[in-house]
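Here is how the chains run, residue by residue.
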Amino acid sequence: MKAFTRLIAALRSCHGTPAVQETLLRDHLASLEIAEAEATLHLLLTRGLPHSLHPTRLRQLAGEASGLSEWLVAESEKTAGSLAEAASLLTPPPGPGCRSHPLAHWVTRRAGELALAPLNQQARQLREQWSELDPSERCLWHQLLTGGFRSPVKTTTLARSIARLSGHRAEAIAWRMLASRVPVGELLTPAQTLDTHEVPFPEPYSPWPRGEPPPEAESPVSDWVFEWLWDPAPSQLVRGPGGVALWSAEGELLNGAHAAVMEAAARLPDGTTLQGWIDLPGEGHFLVHQVVKARGCDLVRMSGTERRGVVAALLTAATRSPMASSGQGELFMDPLATPSPPTLLATTPLTPSSWEEARGLLASAHRQGAVGLLLTRQTPLPAGHPGPAGPLAWEAPELSCMAALTSFERLPDEREDGGGSGLRWTLAARTPTGWLPVATLDPGREIPSIPELQGWIEAQISGRHGPVRTLPPGQLFEIRFKGVQHSRRHKAGLQLVAPRLARWAPSHTPGEASTVEALLQLAPPIPR
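All figures in this text were calculated on a predicted structure; none of them were measured in a lab. All residue numbers refer to position in the chain's written sequence, counted from 1. Owing to the predicted nature of the model, reporting of local features is limited to residues with pLDDT of at least 70; listing and counting of side-chain atom pairs is limited to 80 or more, with chain, interface and lining totals taken over all residues. No hydrogens and no water enter the side-chain calculation; it runs on all heavy atoms of the structure.

**Regarding the overall build of the protein**
Turning to step 1, where the next piece is worked out: The helix count covers DSSP runs of H or I at least four residues long, the strand count covers runs of E at least two residues long, and both are numbered beginning at the N terminus. Counting secondary structure elements, the protein contains 17 helices and 20 strands.
Turning to step 2, where the next piece is worked out: Burial classes: relative accessible area under 20% of the type maximum marks a residue as buried, over 50% as exposed, and values in between as partly exposed (1.4 Å probe, protein chains only). Counting over 528 residues, the protein shows a buried share of 45%.
Turning to step 3, where the next piece is worked out: Here a residue-residue contact requires only that any non-hydrogen atoms of the pair lie within 4.5 Å. Within the protein, counting contacts between residues at least 6 apart in sequence, those at least 24 apart form 66% of the total.
Turning to step 4, where the next piece is worked out: Working note: accessible area of the protein is about 26,300 Å², and carbon and sulfur atoms make up 53% of it. Each accessible area is a Shrake-Rupley result for a 1.4 Å probe, and residues are judged covered by the shown protein chains and nothing else.

**A closer look at the packing of aromatic side chains**
When we look at a pair of aromatic rings, we describe it by the centre distance and by the angle of the planes.
Turning to step 1, where the next piece is worked out: Only Phe, Tyr and Trp rings take part, Trp by its six-membered ring, and two of them pair if their centres are within 6.5 Å. Stacked means planes under 30 degrees apart, edge-to-face means over 60, and tilted covers everything else. For the structure on display, the rule yields six aromatic pairs.
Turning to step 2, where the next piece is worked out: Plain terms: the ring middles of Phe 4 and Phe 149 are 6.4 Å apart, the flat faces sit at 45 degrees to each other, and that makes the pair tilted. Of the two residues, Phe 4 is situated in helix 1 (residues 2-13) and Phe 149 in the loop between helix 9 (135-146) and helix 10 (155-166); the sequence distance between them amounts to 145 residues. Each member of the pair, Phe 4 as well as Phe 149, is classed as buried.
Turning to step 3, where the next piece is worked out: With 5.1 Å between their ring centres and 70 degrees between their planes, Trp 106 and Trp 141 make a pair best called edge-to-face.

**Looking at the nonpolar core**
Turning to step 1, where the next piece is worked out: Formed by 51 residues in total, the largest nonpolar core has its most connected members in Phe 4, Leu 44, Leu 126, Trp 141 and Leu 144.
Turning to step 2, where the next piece is worked out: The element contributing the most residues to this core is helix 7 (residues 103-116), with six residues.
Turning to step 3, where the next piece is worked out: By nonpolar core is meant a set of buried Ala, Val, Leu, Ile, Met, Phe, Trp, Tyr and Cys residues that side-chain atoms within 4.5 Å join together. If you look at the next biggest cluster of nonpolar residues, it comprises 29 residues, including Val 438, Ile 457, Phe 477 and Ala 492.

**Thoughts on the pairing of strand 3 (residues 243-247)**
Turning to step 1, where the next piece is worked out: By the criterion of burial, strand 3 is predominantly enclosed, with five of the five residues buried.
Turning to step 2, where the next piece is worked out: Criterion used throughout: strands pair if DSSP finds at least two bridges between them. Here five bridges tie strand 2 (residues 235-240) to strand 3, and the two strands are oriented antiparallel to one another. When the sheet's bridge partners are listed, Gly 240 is paired in strand 3 with Gly 243.
Turning to step 3, where the next piece is worked out: Taking the residues that link successive antiparallel strands as the turn, the strand 2-strand 3 hairpin has two residues.

**Quick notes on unusual backbone geometry**
Turning to step 1, where the next piece is worked out: With phi around 50 degrees, Ala 498 is a residue other than glycine that occupies positive phi space.
Turning to step 2, where the next piece is worked out: Counting through the fold element by element, Ala 498 comes out in the loop between strand 19 (494-497) and strand 20 (500-504).

**Overview of the confidence of the model for the protein**
Turning to step 1, where the next piece is worked out: Overall, the predicted model of the protein reaches an average pLDDT of 81, with 83% of residues at or above 70.
Turning to step 2, where the next piece is worked out: Throughout residues 322-334 the model reports pLDDT below 50, and contacts reaching past four residues in sequence, or to other chains, amount to 19 contacts.
Turning to step 3, where the next piece is worked out: Note that residues 413-419 has pLDDT below 50 and, in this model, 13 contacts with residues that lie over four places away or in other chains. pLDDT expresses, on a scale from 0 to 100, how confident the predictor is about each individual residue.

**Concerning a nonpolar patch on the surface**
Turning to step 1, where the next piece is worked out: On the surface, Leu 68, Trp 71 and Leu 72 cluster together into a nonpolar patch covering about 290 Å² of accessible area.
Turning to step 2, where the next piece is worked out: Among the secondary structure elements, Leu 68 is positioned in the loop between helix 4 (55-66) and helix 5 (70-80). Any residue with relative accessible area above 30% and no salt bridge may belong to a patch, with like charges joined within 9 Å and the nonpolar Val, Leu, Ile, Met, Phe, Trp and Tyr side chains within 5 Å. Here a salt bridge means any side-chain nitrogen of Lys or Arg lying within 4 Å of a carboxyl oxygen belonging to Asp or Glu.

**Overview of the environment of Ala 294**
Turning to step 1, where the next piece is worked out: In this structure, Ala 294 sits in strand 5 (residues 286-294).
Turning to step 2, where the next piece is worked out: In this structure the C-alpha to C-alpha distance between Ala 294 and Leu 274, which are 20 residues apart in sequence, comes to 8.6 Å.
Turning to step 3, where the next piece is worked out: Contacts of Ala 294, omitting those with residues within four sequence positions, involve Gly 271, Thr 272 and Leu 299.

**Observations regarding helix 8 (residues 119-130)**
Turning to step 1, where the next piece is worked out: By definition here, a helix of n residues has an expected span of 1.5 Å times n minus one. Spanning twelve residues, helix 8 covers 17 Å between terminal C-alpha atoms, matching the ideal 16 Å at 1.5 Å per step.
Turning to step 2, where the next piece is worked out: When helix 8 is considered as a whole, its buried residues turn out to be Gln 122, Ala 123, Gln 125, Leu 126, Gln 129 and Trp 130.
Turning to step 3, where the next piece is worked out: As for helix 8, its buried residues are in contact with helix 4, helix 7 and helix 9.

Structure, rendered in structure tokens:
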């Protein structure tokens, strides 16, 4: 348990630096026996433990062990920032010479015993567990027991760590972990030969070149196919012999969040690879830009016109026809049935008649929810031609707003790579009645180190909520971002796309901050 607690603390301290996390995980897994490694991977895959202890019960038992009343335990929870940490600090210290059990013992035995124990024995068992754990171990154990544990690493990072340890491809590891659900112990043994011929591997990812299109004298607008650029890093939808996989540009397997897309893609021919984008959240569409492979044949060098024809043919075949039952187990075409809405859609080409009109489309990209235009040649260039062959990502200029710093949180440990500040800032925009948060950012090391700003922040702290410190909205900052999306999960009703902190604006007053209403005007219209 001690080694796992140290690993989680180290992974949290370098959150946002996958390369460092990969090295930590590889070294840690290499030092473990197979049972310990399986228990570690089980928890990091967020498969969790049986719901062994309700938070209310933990709060009650922590109060009984500390002799504090219920309201004092609640106040301690607010100060500590979480019930798990408050309970770990309120309970008695571990006994002298307590024995340290391995993680597999706690996961396979102690959690199950606690979950099955009657209420009158639960308190005794938990006190015994407290006597064997130091405060940091208790805090993590409480999170595991109550369902509050969140893995600090992405599945992609975990798959790459195992791949570096075992010698297998990271995509094969991710596929077997998430799709096939094989025992994780099989993935850790280098001698274990994984059957990878059924894995729907993505094609090697090559980022699209970014920049301005060539001058009109060199390349008229009619030479290009124009489409909205929804993201400079497209996803790949792969239909292979073993099933369907949706891969992000970073190699993350996204199957679980897009069931409707997976169902439609299962009707594609085997050996098909589509490149495109997942549509706006909640709509469940995959927008197809191009066919990389069809029935195993490489089509990436096709012209824009040919590509669109192949896309249309594939998507027509993948559209589910309305069917009905005869009542005797037979299916037939039902002309009166309403066909299900398609989930695989071809991108719609744009038709500017001049480069001036194309620049007008670029200026309106943010209102469409796009980040720019994607340009593809109508016909491939001959070999040796000096011009850009395309596709070319023509990105729209960044947007900006002024927002006030309203709270900050000091992270448990500063990042070891030197790239972060160890802080998380919340910045807010104005409303008629107050302020609403619009971005939570790492400010970097440069801005928080300004003595005048640092002194103001320390002097103006107006509230404490666990690790969060609230501030009056007195300091404004410029935020740059690539777009705005409507969001029901955020209080302001919006989410900034790829926000970054640009500069401190000490000469601006709170009344000059951007309004939530103005930011919502930048978001694409909500479909009716």
